[in-house]
Amino acid sequence: GSGYYTVRMAAEVGPGGRVYATDIQPGMLDILKRRLTREGLANVETVLGLPDDPKLPADTLDLALMVDVYHELEAPQVFVRRLRAALKPTGRLVLLEYRKEDPRVPIRPEHKMSVAEVKAELEPEGFKLVRVLNDLPWQHILVLERSSAPAAP
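Now for a description of the structure that goes with this document. (Residues numbered from 1 in each chain as written. Predicted model: local features only at pLDDT ≥ 70, side-chain atom pairs only at ≥ 80, totals over all residues. Heavy atoms only, no water.)

**Details of the overall build of the protein**
Consideration 1: Counting its secondary structure elements, the protein contains 4 helices and 7 strands.
Consideration 2: The order of helices and strands in the protein, counted from the N terminus, is α-β-α-β-β-α-β-β-α-β-β.
Consideration 3: At 15 Å, the protein has a C-alpha radius of gyration in line with the 15 Å of a compact globule built from 153 residues.
Consideration 4: Along the first, second and third principal axes, the C-alpha set of the protein runs to 40 × 35 × 25 Å.
Consideration 5: Across the 153 residues of the protein, 38% fall into the buried class.
Consideration 6: Contacts in the protein between residues far apart in sequence, at least 24 positions, make up 67% of those at least 6 positions apart.
Consideration 7: A total of about 8,600 Å² of accessible surface is found on the protein, and carbon and sulfur atoms cover 54% of it.
Consideration 8: Averaging the coordinates of the 21 positive side-chain charges in the protein and doing the same for the 22 negative ones gives two points 3 Å apart. (Helix = DSSP H or I, 4+ residues; strand = E, 2+ residues; numbered from the N terminus. Rg over C-alpha atoms; globule rule 2.2 N^0.38 Å. Buried < 20%, exposed > 50% of the residue type's maximum accessible area, 1.4 Å probe, protein only. Contact = heavy atoms within 4.5 Å. Areas by Shrake-Rupley, 256 points an atom, 1.4 Å probe, with all protein chains shown as cover. Lys, Arg positive; Asp, Glu negative; His and termini not counted. Charge placed at Lys NZ, Arg CZ, Asp CG, Glu CD.)

Shown next, in the form of structure tokens:
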């Protein structure tokens, strides 16, 4: 995206940390690069990913954040297997997804996910759902950890 979370995460980890920002649209990465220059942030590496591969280095990430993205993936199982490989053994994946369980959330149903759907789709891919936060008005914050069992190819 345009870097809303990227900028905040880069500031949070500081100059000694590293943030990878991946997108499949070169234009979005261009927008982000301009923003990073304006903000004076040099600790972000932009990565042109593919629809089924974030193109991130193996065993590198402490945390991966996907905001309103997972439900859009064409090949989510392939994508999350590759994302899981980029996480350190203690790495976490955090998804923000609109709550399907709440009919008052004014988003089309195909753009929502339930907690049950997240568990059903991600736990077989080597993740364990460890926390669900509903602090936001319309979205779940779903925290997953790498499980010890690797995902099936």
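**Some details on the pattern of salt bridges**
Consideration 1: Tallied over the full model, the rule gives 9 salt bridges.
Consideration 2: Of the charged contacts in the structure, one is a salt bridge between Arg81 and Glu125, with a shortest N-O distance of 2.7 Å. Remark: Glu125 occurs in the loop between helix H4 (115-122) and strand E6 (127-133) and Arg81 occurs in helix H3 (residues 76-86); sequence separation between them is 44 residues.
Consideration 3: Judged by its relative accessible area of 7%, Glu125 falls in the buried class. (Salt bridge = Lys/Arg side-chain N within 4 Å of Asp/Glu carboxyl O.)

**Some remarks on the environment of Arg18**
Consideration 1: Structurally, the position occupied by Arg18 is in the loop between helix H1 (4-13) and strand E1 (19-23).
Consideration 2: Note on Arg18: relative accessible area 43%, which makes it partly exposed.
Consideration 3: Taking the C-alpha atoms as reference points, Arg18 and Val130, 112 residues apart in sequence, are found 25 Å from one another.
Consideration 4: Arg18 has contacts with Val13, Ala42, Asn43, Val44 and Glu45, leaving out every residue within four places of it along the chain.
Consideration 5: At 3.4 Å, the side chain of Arg18 and the backbone oxygen of Asn43 are in polar contact. (Polar contact = N/O pair within 3.5 Å; in protein donor to acceptor, adjacent residues only side chain to side chain.)

**Overview of H1**
Consideration 1: Among all positions of H1, only Thr6, Val7 and Ala10 are buried. Along the axis of H1, the buried positions cluster into a sector of 95°, meaning they face one direction only.
Consideration 2: Elements that come into contact with the buried residues of H1 comprise E1, helix H2 (26-39) and strand E2 (44-48).
Consideration 3: Count one or two residues on from H1 and you reach Gly14, which has phi positive near 75°. (Arc of directions from axis to C-beta.)

**Details of the pairing of E6**
Consideration 1: When E6 meets strand E7 (residues 139-146), the two strands line up antiparallel, connected through 6 bridges. Bridge pairing in E7 places Phe127 opposite Arg146.
Consideration 2: Here E6 folds back onto E7 in antiparallel fashion, the turn holding 5 residues. (Pairing = 2+ DSSP bridges.)

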